[in-house]
Number of protein chains: 2
Amino acid sequence: MAKLADIARAAGVSSAVVSRVINEDRTLRVSEATRARVQKAIKDLDYAPNIAAQTLRSSKSGLVAVILHDVTNPVYAEILRGAQASAAQNGKALLVFDSATGAESANRLAAMIGGGALDGLVIQGAGEVSDLVLARAATRKIPTILLQADLDIDACLISLPDEAAADTATRHLLDHGHRRIGCLATVEGMRFTESRLAGYRRALGDAGIDPRDSPVVFSAPEIEAGTEACSRLLGGNPDLTAIVCFNVLSAIGAMKALGDAGRQIPDDVSIVAVHDVPFADVLKAPLTTVAMPLFEMGQKAIQLVSDGVPDTQLLAVDSPPPTLIQRRSVATPNR
Amino acid sequence: MAKLADIARAAGVSSAVVSRVINEDRTLRVSEATRARVQKAIKDLDYAPNIAAQTLRSSKSGLVAVILHDVTNPVYAEILRGAQASAAQNGKALLVFDSATGAESANRLAAMIGGGALDGLVIQGAGEVSDLVLARAATRKIPTILLQADLDIDACLISLPDEAAADTATRHLLDHGHRRIGCLATVEGMRFTESRLAGYRRALGDAGIDPRDSPVVFSAPEIEAGTEACSRLLGGNPDLTAIVCFNVLSAIGAMKALGDAGRQIPDDVSIVAVHDVPFADVLKAPLTTVAMPLFEMGQKAIQLVSDGVPDTQLLAVDSPPPTLIQRRSVATPNR
DNA sequence: TATCGTTGGTAAAGCGATTTACCAACATCG
DNA sequence: CGATGTTGGTAAATCGCTTTACCAACGATA
C-alpha cells in the first residue's frame, strides 16, 4: 500500500510537507500550489495514513473502550448508541467489551490498556470488572469514566437524575391513590440505587406515608432476577397495590412473577418502571415508564474522554429530565 | 511507561531476548536462567508491549470491526455477543459500528481500514454501508464476512437456516389448522428473505395450498415498519387467520397493528415469528417463535476472520437448528 | 547596506517492537 | 588437532509517521 513517502515522491516534496498537508496544520506554511499537488497525489494513490504509525508516534490511538455489563440489554445498548454518535463526531472508534464475557476478554483489554492502545475507558455495569484492567488504567492514567458503576477507584462518575426519576415514578402511583407501594430496587449499596431509594422515600414521606412501612427488595437489572425478587416482595407483602421498579428489565421479570401469582396488571397491582424500552407498549400490560437520558449519558461519556476529563469527580446528566410515559400499567387501587 | 529496552536493561540482556521470551518463541534458544530473569523484570516493571509498535511491525492489529445495523436491536445484539465470546478466545478485540450512525462514523472506519488498523471486517445489515468502506476493504484485502447482508461484493457470506426456519414456522400454523396464512417478510430481494419465502411456500405447497393465493408483504426488521406493513397486509386480506413474521421486531410491530385493528391474538389471528427474544413470553400475547443460531453466527464470523477466510463463498450456520418455542400466540382458527 | 522577519521547504531523529544476520563459546567427532 | 555443529546471545535494520531543527530565498526595515 502507498505510504507517506510515496506521496512525497509523487508530489516532488519531502515527507514533512505531506504530513503537514494531511494534518491541516494551518499554522505551518505550505503554498497553495504544493498543497494541491500533494492532495492530488493522495487521491491518485488512494493513500491513507497508517494508524499504527500515527499512534506510535503520537500516543493517541483514537480508540475508546466501552465496557458494558451486557450488550443484549436494551437499556445499556441505548447508552452505546449515544456513545457511538459522539464517537463519530470526535473522530474516535469504540471498542466494546461485555463484562460478562470472561477472563480472556479482560486480559485482552488489560493488554491494550498497558500497551497504550486506548485513549479512554468508559465503564458501565455493577462492578465485575477485572482488577487488572482497573489497575492498569490507573497506573497508565487512562481517562476513565464510570457510568453509574461506582467502583471504588479514582475516576469521574456520571450519574443520571436518579432521585428525580424514582420520585416521579412513586408520585405517579401516589397520585392514583396508592398507599401500599413496594419497591423493586436495583443492586443494593450502589450509589444510584441509594439515590433512587431516596427519591422513592421522599415521595412517600411527602404523601404522609412512613417509608419504613414500605417494603424494598433488591435485584440485578435482569429479567430472571426481577422475577425472583418480585416473588419475594409479594410473598412478604401480599397486600401491595403497586410496585415501583428501578429497572425495566426487572419490571419485565416482575410481570412474569405477577402473572404466575395470578395477579392482574394493573387491576390487582400497578407498576411503574424506570427506563423506557421501544416495546413497552406491546407488553402484557403496556408499561408506564420513566424515560431516562441514557443516550445523552453515552454521548457525554465520550465527550469527556475526548475533551479531557474534568477535575470534578461527580457529574450528572440531567437533560432531558426524567419523563413519565403513561401507558396502561397503572390504575386506581380497588382494595 | 516501561518499554522493552527497559526490561532488557533490567535483566541484563539484549532486547531481542526479551522479545523472544514474550512471544514464547520455543524454537529459538534462550536458557531457562535468563528466561526467568526476564520474566521477573517484566513482572517487576509491570511491562506490557506497546500495541501500536507491534501492529506497525507485524501489520496485525488484533482488531476486528463489526458493523451492525442497530445495536439496540436485540436480535443483532445477540450476534454481537457471539462475536465477543469468540473474539476473547482468539485474542481479538471488537470495534463496533452502527451503520445507522452516519457519515462521520463511516469515514472513521474507512480511515482505519485504509490505515491497516483492521484484521477483519464483519458486516451485518441490509446494505447501508458506505461505499468507501467497501472499496477500501476490497483493495486492502481485509478479510470480510457478510452476515446475511448480501452486498454485491466479493466476500464470504454466512447465512442462517432460513428456509428451514420459515418452513417450521409455517408448518406450525398449518398443523393448527390454519389455511389462510399471510407472510410479513423481511426486506424484499435479499437472499435470506428469498430463502425464507421459499420455506414458507414449500410448507404451504406441501399442505396443498397454492402459495400464490397467500399474501406477502415486505418490511424492514423494525417495530414501526412492522406495524405499517401489517396494516397493509390486513387491509388487503381481512380474512387472514395467521401471520408468519420473518423477524421478531416486525412481529412486535404487527402486534400493535393487530391491536389497533381490534384483532385479538391468538383468538382472531395467530402469529409465529422468526428469532427469539428474552421478553417474548411477557408480550401482550406470549409470542411463539423460531429461535435461530444467532450467537453461533457471531462466533463463526470471528472464527473465520481469525483462522483465515475460506475460499467457499457461501457458508451456513445450521447448528443448533431452528427450534420452535411454543408460547401462546397460536391457536386453532375459529373461522 | 546590514539586519531582520517571513515564507516554503528539507533532513533526520525518534516512537517501540520484531527479526535477520552475525558471533562467540563450547562440545563433538573423525 | 581441525572441522562442524549447537547453544545462547547481540547489533542493527526495519515498520510509517511526526516533529524539531535547520536553511535558503526574498522582501522589508532601519
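As a convention, each chain's residues are numbered from 1 in the sequence order in which they are written. The lettering of chains begins at A and the numbering of ligands begins at 1, in the order of writing. The model is predicted, so local features are restricted to residues of pLDDT at least 70 and side-chain atom pairs to those at 80 or more, both for listing and for counting; the totals for chains, interfaces and linings are taken over all residues. Excluding hydrogens and water, the side-chain figures rest on all heavy atoms present in the structure.

Draft legend 1. Local environment of the protein's contact with DNA strand D. In this text, near means that some heavy atom of the residue lies within 4 Å of the molecule or strand in question. As a structural note, the neighbourhood of DNA strand D is formed by 23 residues, with Leu4(A), Tyr47(A), Arg57(A), Ser14(B) and Thr34(B) the closest of them. In DNA strand D, atoms within 4 Å of the protein come from the sugar-phosphate backbone in 55% of cases. Polar contacts, as used here, are pairs of N or O atoms within 3.5 Å; protein pairs need one atom able to donate a hydrogen and one able to accept it. Residues neighboring in sequence count only if both atoms are side-chain atoms. Residue Lys3(A) places a side-chain N or O atom 3.1 Å away from a phosphate oxygen belonging to DNA strand D. Take Gln54(A): an N or O atom from its side chain is 3.0 Å from a phosphate oxygen of DNA strand D. Secondary structure elements follow DSSP: runs of H or I no shorter than four residues count as helices, runs of E no shorter than two count as strands, and numbering proceeds from the N terminus. Looking at the surface near DNA strand D, the elements that each hand over two or more residues are helix H2 (15–22) and helix H4 (51–58) of chain A together with helix H2 (15–22) and helix H4 (51–58) of chain B. Each residue gets one label: Ala, Val, Leu, Ile, Met, Phe, Trp, Tyr, Cys and Pro are nonpolar, Asp, Glu, Lys and Arg are charged, and the others, such as Gly, are polar. Counted by class, the surface near DNA strand D contains 10 nonpolar, 7 polar and 6 charged residues.

Draft legend 2. Up close: the protein's contact with DNA strand C. Taken together, 23 residues sit near DNA strand C, with Arg29(A), Arg57(A), Leu4(B), Tyr47(B) and Arg57(B) positioned nearest. Among the atoms of DNA strand C close to the protein, meaning within 4 Å, 53% are from sugar or phosphate groups. Residue Leu4(B) places a main-chain N or O atom 2.4 Å away from a phosphate oxygen belonging to DNA strand C. The contact in question runs from a phosphate oxygen of DNA strand C to an N or O atom on the side chain of Asn23(B), over 3.4 Å. Taken together, the elements giving at least two residues each to the surface near DNA strand C come down to H2 and H4 of chain A together with H2 and H4 of chain B.

Draft legend 3. Just the packing of aromatic side chains, in detail. Pairing of aromatic side chains here covers Phe, Tyr and the six-membered ring of Trp, requires ring centres within 6.5 Å, and sorts the geometry by plane angle: under 30 degrees stacked, over 60 edge-to-face, intermediate tilted. Per the stated rule, a full pass over the model turns up 1 aromatic pair over all chains. Ring plane angle 10 degrees and centroid distance 3.7 Å describe the contact between Phe279(A) and Phe279(B), whose orientation is recorded as stacked. Note that Phe279(A) is positioned in the loop between strand E9 (270–274) and strand E10 (288–291) and Phe279(B) in the loop between strand E9 (270–274) and strand E10 (288–291), a pairing that runs across two chains.

Draft legend 4. Focus on the interface of chain A and chain B. Pairs of residues are marked as contacts when any of their non-hydrogen atoms sit within 4.5 Å. Between chain A and chain B, the residue contacts involve 55 residues of the former and 55 residues of the latter. Throughout, buried area stands for the accessible area (probe radius 1.4 Å) lost by two parts on being put together, summed over both. With both chains or domains summed, chain A and chain B bury close to 4600 Å², and 63% of this area falls on carbon and sulfur atoms. Looking only at chain A, the three residues that lose the most surface to chain B are Thr72(A), Arg108(A) and Val282(A), adding up to 13% of its buried area. Salt bridges are identified by distance alone: a Lys or Arg side-chain nitrogen within 4 Å of an Asp or Glu carboxyl oxygen. Inspection of the region where chain A meets chain B yields 6 salt bridges. A salt bridge links Asp281(A) to Lys256(B); the nearest nitrogen and oxygen atoms lie 3.2 Å apart. Scanning the region where chain A abuts chain B turns up 16 residue pairs in polar contact (both at pLDDT 80 or more). For the side of chain A that touches chain B, the elements supplying multiple residues, two or more each, are H4, helix H5 (74–89), strand E2 (93–98), helix H6 (103–114), helix H7 (131–139) and helix H11 (248–260) of chain A. Ranked by residues supplied to the side of chain A that touches chain B, first place goes to H5(A) with 8 residues. Its residues placed into classes, the side of chain A that touches chain B shows 29 nonpolar, 13 polar and 13 charged.

Draft legend 5. Summary view of unusual backbone geometry. Residues and elements named next belong to chain A. Residue Pro-320 is reached from Ser-319 by a cis peptide bond, and omega for that bond is -5 degrees. Inspection of the secondary structure puts Pro-320 in the loop between strand E11 (314–316) and strand E12 (323–325). Of note in the backbone geometry, Lys-141 takes a positive phi value of approximately 55 degrees without being a glycine. Along the chain, the position of Lys-141 falls in the loop between H7 and strand E4 (144–147).

Draft legend 6. Layout of the side chain of Asp119(B). All names here are of chain B. Tracing the sequence through the fold places Asp-119 in the loop between helix H6 (103–114) and strand E3 (120–124). The rule is simple: take the accessible area with a 1.4 Å probe, protein chains only, and divide by the maximum for that residue type; under 20% is buried, over 50% is exposed, in between is partly exposed. On the accessibility criterion, Asp-119 (9% relative accessible area) is buried. At 3.4 Å, the side chain of Asp-119 forms a polar contact with the side chain of Lys-92. Setting aside residues no more than four positions away along its own chain, Asp-119 makes contact with Ser-59, Lys-60, Ser-61, Gly-62, Leu-63, Lys-92, Ile-142 and Pro-143.

Draft legend 7. Spatial organisation of the pattern of salt bridges. This model, assessed by the stated rule, comprises 32 salt bridges over all chains. Here Arg136(A) makes a salt bridge to Asp46(B), at a shortest N to O gap of 3.2 Å. Note that Arg136(A) is positioned in helix H7 and Asp46(B) in the loop between helix H3 (32–45) and H4, a pairing that runs across two chains. Overall, the relative accessible area of 11% leaves Arg136(A) in the buried class. The shortest N-O distance in the salt bridge between Asp239(B) and Arg180(B) comes to 3.6 Å. Note that Asp239(B) is positioned in the loop between helix H10 (223–236) and strand E8 (242–245) and Arg180(B) in the loop between helix H8 (162–175) and strand E6 (181–185), a separation of 59 residues in sequence. Taking relative accessible area as the criterion, Asp239(B) reaches 37% and is therefore assigned partly exposed.

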